[in-house]
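# Coordinates in review
Here's the letter readout for the chains.
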Amino acid sequence: MIPYGRQSINDSDIEAVNDVLRSDFLTQGPVLPRFEGAVSTYCNSKYGIAVNSATSALHIACLAMGLGRGDYMWTSPNTFVATANCAIYCGAKVDFVDIDSRTYNICPHKLEQKLVEAEKNGNLPKVVIPVHFAGQSCDMVAINKLSKKYGFKIIEDASHAIGGSYNNQKIGSCAYSDITVFSFHPVKIITTGEGGMAVTNDTELARKMKSLRSHGVSNDQLFMNPRPKNEIWNYQQLELGYNYRMTDIQAALGLSQIERLDQFVTKRHLIAKQYDRDLASIPVTIPLQISKAFSSYHLYPILINEKLCGKSQKTIYNMMHQKGIAANLHYIPVHRHPYYEKLGFTVGSFPKAENFFREAISIPIFPKLESKRQSFVIDTLRAALQK
Ligand SMILES: *Cc1c(COP(=O)(O)O)cnc(C)c1O
């Protein structure tokens, strides 16, 4: 099977991991801060807090912003469930803003309309999480402007988007947000096996997230409470945190991978350009690229509109699988999952995302996709869709 996404591991990656296995520290040793430094330097942010997944990073980012019971978090329905779940972990309520049908990202106009309504009803969100779908940035200038007017905080879910940029600034610079979160799951742009990172320029948010990733425990005299001098207090739990630590084994893989990040993104662009050219003569919609954004092309979603193509999305999806192409679907809108339906969301609530779900197919894109196999994907689609 040709997967839709796959990691690229080389001998240096394996060496880097082996070095840690032979060393004194397997977790949160000397490699972790080097990996955090490499990511924050790459994207030009002040702090990086590495954790065991992007889901954990989203959770502690929400907590650091004080999201809790009675608060609202808004995000895009066109995302992985983790983006919404992180707010529910905090006891907050989740709501969604529909996507722009051209970029598949959260629509800033619909966001504004919903904010106007929410202001009247007294239920403005505390946090908004725009998701850079497929690796292309959301309209962060517009969202940032709205955050100033309506007083919400912004977490960029950049799980797809490390290596991309927006307005000539790297995703993760946090120029238009408070925190940006990356995922290092194997299908994403660089990997640590499992892993994630939150980057920020805010000293207090960084301190808080560091505490939350490791049980809320501190050994810093500056924060520790006074205790009798004859007792041994070499650490104190100051708040309720979690074990969300990333191992040095993972950090070593990440540190080795980030050296090839730009190469990976360049290769993804070459594959995307080839699809752009070859799919132009087939009745499918290719992903629009906006001029302000440079995508990292985590995904290459095409739209199969049955009226245009004469074939349904499901037919094409099944046919690709029969031919050994593991095309995928990103995303089932979060509000359509049974868990979210139980919270009261229904079909028709976010029609653009629902429409996208009924037409989109993610076709293979990853650095190691050979051109012969890419041609096979294109030929298979052409054969299926040419009248
Ligand atoms: C992958 C992904 C996540 C979760 O990442 P993990 O590292 O697997 O926890 C969150 N949001 C989006 C948009 C993702 O694609």
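Residues numbered from 1 in each chain as written. Predicted model: local features only at pLDDT ≥ 70, side-chain atom pairs only at ≥ 80, totals over all residues. Heavy atoms only, no water.

## Concerning the packing of aromatic side chains
Per the counting criterion, the structure on display carries 15 aromatic pairs. Between the aromatic rings of Y104 and F356, the centroid separation amounts to 4.3 Å while the plane-to-plane angle is 35 degrees, which identifies the pairing as tilted. Of this pair, Y104 sits in the loop between β3 (93–96) and α5 (108–121) while F356 sits in helix α13 (residues 351–359); the two residues are 252 residues apart in sequence, bridging distant segments of the chain. The exposure class of F356 is buried, given its relative accessible area of 4%. Among the aromatic residues, those joined into a ring-pair cluster are F96, Y339, Y340, F345 and F350. (Phe/Tyr/Trp six-rings, centres within 6.5 Å; stacked < 30°, edge-to-face > 60°. Helix = DSSP H or I, 4+ residues; strand = E, 2+ residues; numbered from the N terminus. Buried < 20%, exposed > 50% of the residue type's maximum accessible area, 1.4 Å probe, protein only.)

## Focus: the nonpolar core
Among the nonpolar cores identified, the biggest contains 45 residues, and V39, F152, F182 and F184 are the most heavily contacted of them. Elements with a minimum of two residues in this core: α1 (11–21), α2 (31–43), α5, α6 (140–150), β9 (196–200), α8 (248–258) and α9 (261–279). Among the elements that take part in this core, α2 stands out by supplying six residues, more than any other. V39 has contacts with I162, F182, F184, M197, V199 and I258, leaving out every residue within four places of it along the chain. (Core = buried A, V, L, I, M, F, W, Y, C linked by side-chain atoms within 4.5 Å. Contact = heavy atoms within 4.5 Å.)

## With respect to the packing of α9 against helix α14 (residues 371–385)
Helices that pack against each other are described as a pair by the angle of their axes relative to one another and the distance between those axes. At a minimum axis distance of 11 Å, the contact between α9 and α14 shows a crossing angle of 25 degrees. By the angle between their axes, α9 is roughly parallel relative to α14. In the packing of α9 onto α14, the handedness of the crossing is right-handed. Between α9, through I271, Q274, Y275, D278 and L279, and α14, the contact on the second element is made entirely by Q374, V377, I378, L381 and R382. Here the contact of α9 with α14 is composed, by residue class, of six nonpolar, two polar and two charged. (Axes fitted to C-alpha atoms, helices over the stretch in contact; angles between N-to-C directions. Parallel < 35°, antiparallel > 145°, perpendicular 65-115°, else oblique. Left-handed = near helix turned anticlockwise from the far one by under 90°. Nonpolar A, V, L, I, M, F, W, Y, C, P; charged D, E, K, R; others polar.)

## With respect to the sheet that holds strand β12 (residues 293–294)
Pairing within the open sheet is antiparallel, and its three strands lie in the order β7-β6-β12. Lying at the two open borders of the sheet, with one neighbouring strand each, are β7 (169–170) and β12. As judged from the two bridges shared by strand β6 (residues 165–166) and β12, these two strands associate in the antiparallel manner. Counterpart to S165 in the pairing with β12 is F294. (Pairing = 2+ DSSP bridges.)

Keep in mind that these numbers describe shape and distance, not what the molecule does.
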